[in-house]
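Topology and contacts: notes
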Amino acid sequence: MRQQWRQDQRKHRDRERAMEEILNFIPESIEPPAELEPNPPNKDEPNLEPNHPNKDEPNLELNPPNKDDIVSVDTLKASSTPQRKACSRWKREKAKLRRKMQKMKREVEAAKRESEKLRKRIEILKKMKPEKQKAKSTEGNRSSPVAIQRKERVVDFLCRDENSRLLPGRKDTVTKNKNKQQRRVLVKPLTELHLQYNSEVQKAHRLSYRQFVRYCPFFVTQPKLSDTSTGACLDHEDVKLLTKKLHQKGLLKTTSMSQLLSSIVCSPDNKTCMYRVCPKCCYNEIEIPVPQAEETMTWHQWIRKSMSEGPKTYMNFVKETQTGTCAELLNIFNQKLDSLAKHHYNWLRQAKECRALKESLREDEIVLHVDFSENFSCKLNSEVQAFHFGGSRKQATVHTCVAYTAAGSQSYATITASLRHDERAVWAHLEPVLRDVIKNCNPSPTILHVMSDGPGTQYRNKKNFYLLSTIPFLSGFRQVTWNFSEKSHGKGAPDGVGGAVKRTADSAVQRGEDVQTPEDFYNLLTERKSDVKFFWVTEEDIRRFDEAVPEVVPPVKGTLALHQLISTETGKVMHREIYCFCSRPNICQCHNPIMVNLHTVSAWASGQASAHESAYESTHESSDLNGKFIMVNY
């Protein structure tokens, strides 16, 4: 660009120089105009010029020119300035007209192409039969009822937890036409989801791939590089790493987990097959002809290693590179895929049953989806260095909940200055939520379903089971179920509530407000207009539940492996392998639940329950109770 500028400046200077030379060349025969003569002649003064007899003959006398008769170059330039301005103005108008003409040509060409498309479409419709022509016109009209139903089905399908993952971050939002939504990231390719959608819906609602992509909502996006998954499932990741390696070597034609599992079982919807106990397919494996079985290969796997740092020893997960032959890699892949089948089935079955439960809620039922959000770090608009890097920053605990009833859904967020995340703190956070839900429901609900992930320090432990079989019944419930999600698949609606709450506080801080304490955080949220209801939990509220739990609580065998806990009004607690809400409100017996009678509600309420006064009684007719059930009365 600099070289171009220099060339243009050089040309400009050459033109100026040539113009000056032309203006400086003034022939004597050209008389300056009268208005430029400084001293016009006076008629009264005598004419001192010599008289020539012949006027045609030139005057050869060298008379020096008069200084007043010379016209300066600046004067001539000034007289030509209006012409230059007019010329440049005409050039600009000409360029403007040329651009308008080019734009009109492009519009004409686009109109011609559109008319040609319409002409071809009319010809195709004329050749079609009337029935097909009507169906085709209905499909093309996006505002028709059929098109609206198809779009709603596609949106519901893509927003399922097994098809897309909700991002919990406060910055993970998408806005379109002033509609802000939390982002969801697809966990499968769109081509695979399109085939799955067409296999589930009726024939009238099936779509082409192009139409399926067009109906995809704007907040459901493909994963980006910045969407690095920090909560990926260990079982799925190990199989993905092996599948990717085999696919690169050309030994596998697909990397789809669903297709690989379908190839080794009779039916992916059959529990017996996916649990690998079916006599027909329990020994099935993916057989791949390996041309060079002894070829050395490398692959990656997540390994749990024992790390030592001084006298301390702890377990750590490391992504390790392994080396072996191609036959060994194939053997490891079949073992990992075989163990993944049960985990994959439980995850999909849970998502399906929970979705069915929310869609078929009765007036006497409530579903609470709960989760702890990441602690909010209080911040100020302007922070000194000692506050930013020191230990002066306070944190607020945020427990989010989404309540589903027959009338609709409501989001909640309970905030406290206490940093406790144990089971006693959980019920302190749930108490105001239950009170508000019961108050707004008419008639009062009698069945409570709670959904959460399964950390042993928060939800899945014996003390939480004790509180579950006690506190809800004092509020008027007759049956309670607590459902734990499959390992590493606990993301859901509460994560979006947590992101929205923190985003509100961050935007207020950016506008100049300060959030220095958890109380400031709660006051800031309650002052803002929001669809989320906020409650404050004090330290005394949590200590009340410390007193409610006895010192000795009987353990439940297989706590970390259970997925559903059911407590009834009689005090019996039952747990089984996966979600199932068949034949509500009666307890479902389809998965051989284990019954444990932890305590009775009446005894706990009256303060007479004691863990030391125990009496064991068998309630089964058979003498062999090994592996069937255990009932303990305290």
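Only a predicted model underlies this, so the values are computations on that prediction, with no experimental measurement involved.

1. A word on the overall build of the protein
Helix and strand counts for the protein come out as 18 helices and 19 strands. For the protein, the proportion of its 634 residues judged to be buried stands at 36%. Looking at the protein alone, contacts between residues at least 24 apart form 69% of all its contacts between residues at least 6 apart. Just so you have it, the protein exposes about 40200 Å², and 51% of that area is on carbon and sulfur atoms.

2. Points about helix H5 (residues 190–200)
Inspection of H5 places Leu190, Glu192, Leu193, His194, Tyr197 and Asn198 among the buried residues, and these make up the whole buried set. On its buried side, H5 packs onto helix H4 (145–158), strand E4 (184–186), helix H6 (209–214) and helix H8 (257–262).

3. Examining the state of the cysteines
Under the defined criterion, the tally for this structure stands at 0 disulfides. Of the cysteine sulfurs around Cys159, a residue in no disulfide, the closest is that of Cys216, at 8.4 Å.

4. Details of the pattern of salt bridges
In a structure, side chains of opposite charge can pair up when their charged atoms sit close to one another. Across all of its chains, the model carries 24 salt bridges by this definition. With a closest N to O distance of 3.4 Å, Arg424 and Asp546 form a salt bridge. Residue Arg424 is found in helix H12 (residues 423–440), and its partner Asp546 is found in helix H17 (residues 539–548); the two are separated by 122 residues along the sequence. Three or more residues are tied together by salt bridges with common partners; here these are Arg420, Asp422, Glu423, Arg424 and Asp546.

5. Points about a positive patch on the surface
A contiguous patch of positive charge, built from Arg89, Arg92, Lys94, Lys96, Arg98, Arg99 and Lys100, is present on the exposed surface. Tracing the backbone shows Arg89 in helix H2 (residues 73–127). Exposure remark for Arg89: the relative accessible area of 39% places this residue in the partly exposed category.

6. Focus: the environment of Thr416
Mapped onto the fold, Thr416 is located in strand E11 (residues 408–416). A distance of 3.2 Å separates a polar side-chain atom of Thr416 from the backbone nitrogen of Ser418.

7. Quick notes on the confidence of the model for the protein
Residue-level pLDDT values for the protein average 79, and 77% of them are 70 or greater. In this model residues 45–62 is a low-confidence stretch, pLDDT under 50, and it forms 1 contact with partners more than four residues away in sequence or in other chains. Counting interchain partners and residues more than four positions distant, the pLDDT-below-50 stretch residues 583–593 has 29 contacts.

8. Looking at the sheet that holds strand E1 (residues 164–166)
Sheet architecture is open: 3 strands sit in the order E1-E4-E5, paired in mixed fashion. Lying at the two open borders of the sheet, with one neighbouring strand each, are E1 and strand E5 (220–221).

9. Some words on the packing of aromatic side chains
Each aromatic ring pair is characterised by the separation of its centres together with the angle its planes make. This model, assessed by the stated rule, comprises 13 aromatic pairs. An aromatic cluster is defined as three or more aromatic residues linked by ring pairs; in this entry it consists of Phe372, Trp427, Tyr459, Phe465, Trp482 and Phe484. One Lys or Arg, Lys271, reaches over the ring of Tyr275 and ends 5.1 Å from the middle of that ring.

10. Looking at the side chain of Arg184
Locating Arg184 in the fold gives a position in strand E4. Within the structure, Arg184 has its side chain in polar contact with the side chain of Asp161 (distance 3.1 Å). When neighbours within four sequence positions are excluded, Arg184 is seen to be in contact with Cys159, Arg160, Asp161, Ser164, Arg165, Leu166, Phe219, Val220 and Thr221.

11. Here's the deal with the pairing of strand E8 (residues 365–372)
Within E8, 8 of the 8 residues are buried, which leaves it mostly tucked inside the rest of the structure. Burial of the side chains of E8 extends over both faces: Glu365, Val367, His369 and Asp371 are buried on one face and Ile366, Leu368, Val370 and Phe372 on the other. Of the pairings in the sheet, the one linking E8 to strand E12 (residues 447–452) comprises 5 bridges and is parallel in character. Residue Glu365 lies in a different strand from E12, and its bridge partner there is Ile447. Summarising the sheet, E8 and strand E10 (residues 395–405) pair through 6 bridges and their orientation is antiparallel. Pairing of Val367 across the sheet is with Tyr404, part of E10.

Procedures and definitions
- Residues numbered from 1 in each chain as written.
- Predicted model: local features only at pLDDT ≥ 70, side-chain atom pairs only at ≥ 80, totals over all residues.
- Heavy atoms only, no water.
- Helix = DSSP H or I, 4+ residues; strand = E, 2+ residues; numbered from the N terminus.
- Buried < 20%, exposed > 50% of the residue type's maximum accessible area, 1.4 Å probe, protein only.
- Contact = heavy atoms within 4.5 Å.
- Areas by Shrake-Rupley, 256 points an atom, 1.4 Å probe, with all protein chains shown as cover.
- Disulfide = S-S within 2.5 Å.
- Salt bridge = Lys/Arg side-chain N within 4 Å of Asp/Glu carboxyl O.
- Patch = residues over 30% accessible without salt bridge, like charges linked within 9 Å, V, L, I, M, F, W, Y side chains within 5 Å.
- Lys, Arg positive; Asp, Glu negative; His and termini not counted.
- Charge placed at Lys NZ, Arg CZ, Asp CG, Glu CD.
- Polar contact = N/O pair within 3.5 Å; in protein donor to acceptor, adjacent residues only side chain to side chain.
- pLDDT = per-residue confidence, 0-100.
- Pairing = 2+ DSSP bridges.
- Phe/Tyr/Trp six-rings, centres within 6.5 Å; stacked < 30°, edge-to-face > 60°.
- Lys NZ or Arg CZ within 6 Å of the ring centre and 35° of its normal.

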